[in-house]
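Given next are the chains, with one letter for each unit.
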Amino acid sequence: MTNKKIIAIILGVMCFALSLGVVVQVRTIKSTDSTIGQNQEANALRDEILKYKERYDNRFKELETAEKTLEQERQEATKNNSELEQAQQKITEGNKITGMTEVTGPGVTITLTDGKGIATSTLNPSQLIVHDLDVLSVVNELINAGAEAISINDQRWVLTTAISCRGNTIDINEQRIGAPFVIKAIGLPEYLSGLERVGGYLEYMKQDGVSVKLEKSNNITIPKYSGVINFEYLKNVEE
Amino acid sequence: MKKGKITMIITIGIACFALVTVMMMQFKVVNETDITAIENMQETELKTELANWKTKYDEINAQYEEITQKIEEYKNDEKSNNEASKLVQEELEQTNTLLGLTDVHGEGIVITLKSGEDVTAISADDLLIMVNALKFAGAEAISINDERIINTTDIVDILDGSFIKINGQRILEPYVIKVIGNQSHMESAVTGNGGKVQELQTLGHTATIEKGDDIKIEKYNGEIETKYIE
């Protein structure tokens, strides 16, 4: 009899927990739905965006494969001519520097997270937030410390990369990203970690209440640029 | 008695299974909705976002077609025993243009800056922010006092701001910033409210902008060496 009671109680508790879980989930979905389902036109736009995103992702993967094939073809075509071989090496090397191919190497990862401190009279709440200029300054210091490749939340830093503020988020390579900002850099880790020095920008940010983390690593991967650099106004001077 | 127990256990088992399945489904839906950052956007924002992705897709698609065509050309050259030299040279020139290793020209603007006499001198950060604003507006090539801005250019104050180094080279006032790009876009990127030129003028510095139909920007004159990227 007591055994039966215990089983009944356990089952009862289990059912209650499960039902509770379901209710919580249903409510969560309902609340997300309320923002999604505002009107049909906006929904159609969202669908369209997702469709283009997917098309972009697929094409991007195909592009990566095609670029590898091109490199093989180029190697094949230049292997019997030392002058051409040199040119082909310069192209391959150049593509790594300009951000057109994925690269790996030793370096550091810097993570910047908005501060959680309570704004006091001495601490401006805006100081707790990572700003566009903070990211710009960190990139500039990394280059100064010899960084050869940099990415911010996997957006590769290329010739035309600009960082701009857009409310609570920032735009990099026309891509909207938000905190935490994960900045990866390839270079000599000992030099790159010098950014933590006293009087450096990272220390300045820490004083402002921003959370800063720097980690050295022997194996950092930085992706290729997600876009294409096209010149509309610029021409090479004919020699 | 025994039969009743088994029936009860089976019933409860099925009920639990059903509940867990529903929960899993719900978790999945919640996860999927979380992936997209677009759920809270308003209609106008969504339109911009859509235009953005369309452009990005078109660009990447055009690039894909260009690469595919190059692959074909290399293959054809092999078949006909042509020298691939023309193709390689073309590719090398493209790479060098991106690296900033070629002299370039085109329409754009020239900004000239000189620090005011009784105010804190123009700093490396001022130049860094100016370059960033120009890039954001679509600048295709920039140089400051003929130091070409490449993707690994740093702009730093040396000795507490007594002078500025760009690409490791010391530069002196006046700062002449040459920019190639759409003239009106370049101009509006640095003028108007919040524009860097405007800001420097307000602080008491001299800042002038000149438009040019054919601005020449010299190539980066150092060696771009890499030791760590693979």
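These numbers were taken from a predicted model, which means no experiment stands behind them.

Colleague: Is there a simple way to explain the overall build of chain B in this structure?
Modeller: Counting its regular elements, chain B contains six helices and eight strands. When the helices and strands of chain B are listed from N to C terminus, the series reads α-α-α-β-α-β-β-β-β-β-β-α-α-β. Over its C-alpha trace chain B gives a radius of gyration of 29 Å, far above what one expects of a compact globule, namely 17 Å for 230 residues. On the principal axes, the C-alpha backbone points of chain B span a range of 100 × 65 × 40 Å.

Colleague: Would you explain the nonpolar core in this entry?
Modeller: In globular proteins that are soluble, nonpolar side chains generally tend to be buried together. Within the largest apolar cluster, 80 residues are counted, with the highest numbers of intra-cluster contacts made by V135, L142, A147 and I186 of chain A together with L127, L134 and I180 of chain B. For this core, the leading source of residues is helix α4 (residues 124-136) of chain B, giving seven residues. When near neighbours in sequence (up to four residues on either side) are disregarded, V135 of chain A contacts V130, I152, I163, I170 and F181 of chain A. Counting 10 residues, the second-largest nonpolar core is a separate cluster that includes Y56 of chain A together with W53, Y57 and I60 of chain B.

Colleague: For this particular structure, what's the right way to read the domain arrangement of chain A?
Modeller: Accessible area lost on assembly of the parts is the figure often given for the size of an interface. Taken domain by domain, chain A comprises domain 1 (41-96) and domain 2 (102-222). Computed from C-alpha atoms alone, the centre-to-centre distance between domain 1 of chain A and domain 2 of chain A is 28 Å.

Colleague: Is there a simple way to explain helix α3 (residues 82-98) of chain A in this structure?
Modeller: Count 3.6 residues to each turn of an α-helix, and residues three or four apart come out pointing the same way. Relative to the 24 Å expected for 17 residues at 1.5 Å per residue, α3 of chain A spans 24 Å between its end C-alpha atoms, a close match to the ideal helical length. Of the positions making up α3 of chain A, those classed as buried are L84, A87, Q88, I91, G94, N95, K96, I97 and T98 of chain A. Buried residues along α3 of chain A sit in contact with α2 (40-78) and β1 (103-113) of chain A together with α3 (85-99) of chain B.

Colleague: Would you mind showing me how to read the interface of chain B and chain A here?
Modeller: If you look at the interface, chain B gives 78 residues, while chain A gives 78 residues. When contributions to the side of chain B that touches chain A are tallied by element, the ones reaching two or more residues are α1 (2-35), α2 (43-79), α3, β1 (104-114), α4 and β4 (155-158) of chain B. Tallying contributions element by element places α2 of chain B first for the side of chain B that touches chain A, with 23 residues.

Colleague: Any chance you could explain the pairing of strand β5 (residues 169-172) of chain A here in plain terms?
Modeller: All names here are of chain A. Burial along β5 is one-sided: the residues I170 and I172 are buried and none of T169 and D171 is. Taken together, strand β4 (residues 163-166) and the strand that follows it, β5, pair antiparallel across an intervening segment of two residues, in which G167 is found at a positive phi of about 65°. The sheet contact formed by β5 and strand β6 (residues 175-177) spans three bridges and is antiparallel. Looking at the pairing, I170 lines up with I177 of β6.

Colleague: Please clarify how the confidence of the model for chain A should be interpreted in this entry.
Modeller: Any residue range with low pLDDT should be treated as having predicted coordinates unsuitable for detailed reading. Overall, the predicted model of chain A reaches an average pLDDT of 87, with 91% of residues at or above 70. Ranking the elements of chain A by mean pLDDT puts helix α1 (residues 2-36) of chain A last with 75 and strand β2 (residues 149-152) of chain A first with 97.

Here is what the cut-offs are and how they apply
- Residues numbered from 1 in each chain as written.
- Chains lettered and ligands numbered in written order.
- Predicted model: local features only at pLDDT ≥ 70, side-chain atom pairs only at ≥ 80, totals over all residues.
- Helix = DSSP H or I, 4+ residues; strand = E, 2+ residues; numbered from the N terminus.
- Rg over C-alpha atoms; globule rule 2.2 N^0.38 Å.
- Core = buried A, V, L, I, M, F, W, Y, C linked by C-beta atoms within 7 Å.
- Buried ≥ 20, exposed ≤ 12 C-beta atoms within 10 Å, placed from the backbone.
- Contact = placed C-beta atoms within 7 Å.
- Domains from an automatic or database assignment.
- Expected span 1.5 Å × (residues − 1).
- Pairing = 2+ DSSP bridges.
- pLDDT = per-residue confidence, 0-100.

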